[in-house]
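Overview (structure and organization)
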Amino acid sequence: MNRRNFLKKTAATGASALFLSEIVNAAMPVFATAGVAQPYPLSKGGIVLFQGDSITDAGRNYNDEAVPDSPSALGMGYPLFTAASLLANHPEKELNLYNRGISGNKVFQLAERWEKDCLELHPDILSILIGVNDFWHTKTGGYAGTIETYATDYQNLILQTKKALPEIKIIILEPFIIHGGTALDDTWENDFAPYRTAAEKVATDNDLIFVPLQSVFNEALKQAPSDYWGKDGVHPSMAGAQLMAQAWLKAVL
């Protein structure tokens, strides 16, 4: 299906949000939460923190990062769309939402700034998407880390967080690629897969919610081409970011 036909189809449904929900429901028909018995509740005055790399960063304004619910500080990616939905649908909760993603980060770089950019905020819900640079920079940036480095660093970061904040609820978003993207070559399909597996194992081993974004984008590609969801195959478009937000909301609430 080309982009024009896709737009016609979404218009015919009467609401693109409904169409995105259909994609998410198809990709996550019976959502298993990696050992979590119930979705995470939203507490009144609760703090929700989004962490990760450029996909989370999404051009956020660092000068406003201390201000909760600031549109500029949340960036132009999935944290903004997720936060907007949470705030619109749960005004009684008086939520405080922050984005501390930084472009280019790998897991060890999260760890280096974790005290300031996570633990000091005392989040009730922590959402992490990390992994693409842990692989990509071994190909283009001279990074010498391995899949074992990624898995070990990620596990240690989760253990550190749970020790410091025993009541915290953590969400692991699956690192993903959008097949057909311009930044990808033939090695990505097989060589990046272990990073997705490792992220899921971290979630499962620690009884955390895991959001299967690869399945979500694979399902989305049945409805529109890769340049619609994220041209380079790594960074989602606005539509791709909204799709991620829909998946997040389905998994967490």
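Check the entry above for the structure.
Residues numbered from 1 in each chain as written. Predicted model: local features only at pLDDT ≥ 70, side-chain atom pairs only at ≥ 80, totals over all residues. Heavy atoms only, no water.

**What to know about the overall build of the protein**
In terms of regular secondary structure, the protein is built from 14 helices and five strands. Looking at the 253 residues of the protein, the share that counts as buried comes to 52%. Sequence-distant contacts in the protein: of pairs separated by 6 or more residues, those separated by 24 or more amount to 78%. With an accessible surface of roughly 11,000 Å², the protein has 53% of that area assigned to carbon and sulfur atoms. (Helix = DSSP H or I, 4+ residues; strand = E, 2+ residues; numbered from the N terminus. Buried < 20%, exposed > 50% of the residue type's maximum accessible area, 1.4 Å probe, protein only. Contact = heavy atoms within 4.5 Å. Areas by Shrake-Rupley, 256 points an atom, 1.4 Å probe, with all protein chains shown as cover.)

**Let's talk about the environment of Ala-84**
Within the secondary structure layout, Ala-84 lies in helix 5 (residues 78-89). The exposure class assigned to Ala-84 is partly exposed, which follows from its relative accessible area of 41%. Sequence separation of Ala-84 and Leu-97 is 13 residues, and the distance between their C-alpha atoms is 9.6 Å.

**Side note on the nonpolar core**
Grouped together as the largest cluster of nonpolar side chains are 79 residues, with contacts concentrated most on Ile-128, Tyr-154, Ile-172, Trp-229 and Trp-248. If one sorts the elements of this core by residue count, helix 14 (residues 238-252) sits on top with 10 residues. Once you skip the residues sitting within four places of it in the chain, Ile-128 turns out to touch Gln-51, Leu-110, Trp-114, Tyr-154, Ile-158, Ile-170, Ile-171, Ile-172 and Leu-173. (Core = buried A, V, L, I, M, F, W, Y, C linked by side-chain atoms within 4.5 Å.)

**Notes on helix 9 (residues 147-164)**
When the terminal C-alpha atoms of helix 9 are compared, their 26 Å separation across 18 residues agrees well with the 26 Å that a helix rising 1.5 Å per residue should span. Taken together, the buried positions of helix 9 are Tyr-150, Tyr-154, Leu-157, Ile-158 and Thr-161. Take helix 9 and look down its axis: the buried residues cluster within an arc of 95°, on one side only. The outward face of helix 9, more than 90 degrees from its buried face, is lined by the exposed residues Glu-148 and Lys-163. (Expected span 1.5 Å × (residues − 1). Arc of directions from axis to C-beta.)

In short, the description is geometric, and any link to function would need to be established separately.
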